[in-house]
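Observations on chain architecture
Each chain is listed here by its residues.
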Amino acid sequence: MISNYLIYFFNLLPSQQIEQLSIILIFFYSLIAFCFLLVFLKFRFFDETRESWFQRFLKNI
């Protein structure tokens, strides 16, 4: 699947290649930002003494 995409990618025009790369970078940056948000929530709201649904969710992250 990756090799098919690479063949497709290298057959694009340079302007379309830049557009494809920017879409991929935006996707990965948004994933990383979401992961950092989850880590922030875990450290900000994690309390060992409480046992709510949100606390159990934070333990599983």
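Our subject in this report is the structure included herewith. (Residues numbered from 1 in each chain as written. Predicted model: local features only at pLDDT ≥ 70, side-chain atom pairs only at ≥ 80, totals over all residues. Heavy atoms only, no water.)

Comments concerning helix H2 (residues 14–45)
- A rise of 1.5 Å per residue sets the reference length of H2, with its 32 residues, at 46 Å; its end C-alpha atoms lie 46 Å apart and thus fit the reference within 8%.
- Looking at H2, one finds that the buried residues are Gln17, Gln20 and Leu38.
- Among the structural elements, helix H1 (2–10) are those in contact with the buried residues of H2. (Helix = DSSP H or I, 4+ residues; strand = E, 2+ residues; numbered from the N terminus. Expected span 1.5 Å × (residues − 1). Buried < 20%, exposed > 50% of the residue type's maximum accessible area, 1.4 Å probe, protein only. Contact = heavy atoms within 4.5 Å.)

Some remarks on the packing of H1 against H2
- Running from N to C, H1 and H2 point in directions that differ by 140 degrees, and their axes come no closer than 9 Å. Relative to H2, H1 is oriented oblique. Every residue of H2 that contacts H1 at Tyr5, Tyr8, Phe9 and Phe10 is listed here: Gln17, Gln20, Leu21 and Ile24.
- Tallied by class, residues from the contact of H1 with H2 come to six nonpolar, two polar and no charged. (Axes fitted to C-alpha atoms, helices over the stretch in contact; angles between N-to-C directions. Parallel < 35°, antiparallel > 145°, perpendicular 65-115°, else oblique. Nonpolar A, V, L, I, M, F, W, Y, C, P; charged D, E, K, R; others polar.)

Describing the environment of Phe9
- Looking at where Phe9 falls in the secondary structure, it is placed in helix H1.
- As for Phe9 and Tyr29, which are separated by 20 residues in sequence, their C-alpha atoms are 20 Å apart.
- In this view, Phe9 contacts Gln17, Gln20 and Leu21; residues no more than four positions away in its chain are not counted.

A look at a nonpolar patch on the surface
- Residues Phe45, Trp53, Phe54, Phe57 and Ile61 make up a contiguous nonpolar surface patch of about 500 Å² in total accessible area.
- Of all the elements, helix H3 (residues 53–60) adds the most residues to the nonpolar patch, at three residues.
- Within the secondary structure, Phe57 is located in helix H3.
- Judged by its relative accessible area of 36%, Phe57 is partly exposed. (Patch = residues over 30% accessible without salt bridge, like charges linked within 9 Å, V, L, I, M, F, W, Y side chains within 5 Å. Areas by Shrake-Rupley, 256 points an atom, 1.4 Å probe, with all protein chains shown as cover. Salt bridge = Lys/Arg side-chain N within 4 Å of Asp/Glu carboxyl O.)

Points about the packing of aromatic side chains
- The tally for this structure, following the rule as stated, stands at four aromatic pairs.
- Centroid distance Phe27 to Phe28: 5.5 Å. Interplanar angle 65 degrees. Geometry classified as edge-to-face.
- Counting every residue linked through ring pairs, the aromatic cluster contains Tyr5, Tyr8, Phe9 and Phe10. (Phe/Tyr/Trp six-rings, centres within 6.5 Å; stacked < 30°, edge-to-face > 60°.)

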